[in-house]
Amino acid sequence: MIKTNLFQETNVHRIADHAGCFSVLEYDRDVSVSPASAASAYFASQMNVKKRQVIAQLNGGGVILQAGAMQMMIGQINAVTNVKGAGDLMKKFIGSKVTGETAIKPRYVGNGVLVLEPTYRYILFEDLERWNGSMVIEDGMFLACEDTVELRVSARKSVSSAVLGGEGLFNNALRGSGIAVLESPVPADELIVVDLDRDELKIDGNMAIAWSETLDFTVERTTNTLVGSAASGEGLVNVYRGTGRVLVAPVMNNFGISTPATGK
């Protein structure tokens, strides 16, 4: 039998959000600081710069984590490699090379509580049902998901989107059903959500952090002519066209807010 205060509100931490088997333990105050850093820690918490830990409650099910994200396993939980064979290993290895992600993401199964490493990034819970079963995310955003979600590599449909769009040739795609846990450079309250119905969205820069895999992503000029684009001062824009959803950060991606240990 296990007893823990992880889910009990204290003077320091509380459960800020939950979805599926996942919860977010948020530290409202960082009290384990020195006198020299107490003032900066106080003002950081006032600006919502706080430590957050994702907790997964497993009742016979399983979750997939980013490699190295696990901090603690409480109960009867086992880790497996989530590799189905030599072909699957090669596919994961190739995918890791083109996206920059780790090749093998461990799968944890059993009964108990799984606690992830703390992070200063913002946690997003995304239900794939709201994305019609598939979404594309920026590299470095994946943290965890239910094992009913499949991680794949999504390739650009055009050379222009890869070369000029600032997004690269490949991104990670999440497909299936269940909850995906993402690390965002901005909080959910600041994200701009755009739902398109056979329409288009144009963004000056790679400020979209996630979008429906059903959308066509291209890079185009703001006007029909090069002279017009130069005169407008905008030049090229990222265009998302079709039916689907786009999450847009109001500022350029800033992954400098990360784990307190590495700052990466």
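Our structure's up above, just so we're on the same page.
The following paragraphs examine the structure supplied in this document. These figures come from a predicted structure and were not determined experimentally. (Residues numbered from 1 in each chain as written. Predicted model: local features only at pLDDT ≥ 70, side-chain atom pairs only at ≥ 80, totals over all residues. Heavy atoms only, no water.)

### A closer look at the overall build of the chain
Argument step 1. When you go through the chain residue by residue, the secondary structure sums to four helices and 15 strands.
Argument step 2. With 264 residues in all, the chain has 42% of them scored as buried.
Argument step 3. In the chain, 78% of the contacts between residues at least 6 apart in sequence involve partners at least 24 apart.
Argument step 4. A total of about 13600 Å² of accessible surface is found on the chain, and carbon and sulfur atoms cover 53% of it. (Helix = DSSP H or I, 4+ residues; strand = E, 2+ residues; numbered from the N terminus. Buried < 20%, exposed > 50% of the residue type's maximum accessible area, 1.4 Å probe, protein only. Contact = heavy atoms within 4.5 Å. Areas by Shrake-Rupley, 256 points an atom, 1.4 Å probe, with all protein chains shown as cover.)

### Re unusual backbone geometry
Argument step 1. One non-glycine residue, Asn-48, lies in positive phi territory at about 70 degrees.
Argument step 2. Residue placement: Asn-48 occurs in the loop between helix H1 (38-46) and strand S3 (52-65).
Argument step 3. We classify Asn-48 as partly exposed; its relative accessible area is 29%.
Argument step 4. Phi at Arg-198 takes a positive value of approximately 50 degrees, unusual for a residue other than glycine.
Argument step 5. As for its position among the elements, Arg-198 is in strand S12 (residues 192-203).

### Looking at the packing of aromatic side chains
Argument step 1. Scanning the entire structure with this criterion turns up five aromatic pairs.
Argument step 2. Judged by centre distance (6.0 Å) and plane angle (50 degrees), the rings of Trp-211 and Phe-217 are tilted. Per residue, the accessibility class of Trp-211 equals that of Phe-217, and both read buried.
Argument step 3. Measuring from ring centre to ring centre gives 4.7 Å for Phe-217 and Tyr-240, while their planes differ by 10 degrees; the resulting arrangement is stacked. Linking Phe-217 in strand S14 (residues 216-221) with Tyr-240 in strand S15 (residues 236-248), this pair joins segments that are 23 residues apart in sequence. The residues Phe-217 and Tyr-240 share a single accessibility class, namely buried.
Argument step 4. The structure contains a cluster of three or more aromatic residues connected by ring pairs, namely Trp-211, Phe-217 and Tyr-240.
Argument step 5. The lysine or arginine in question, Lys-51, covers the ring of Tyr-27, its NZ or CZ lying 5.2 Å from the ring centre. (Phe/Tyr/Trp six-rings, centres within 6.5 Å; stacked < 30°, edge-to-face > 60°. Lys NZ or Arg CZ within 6 Å of the ring centre and 35° of its normal.)

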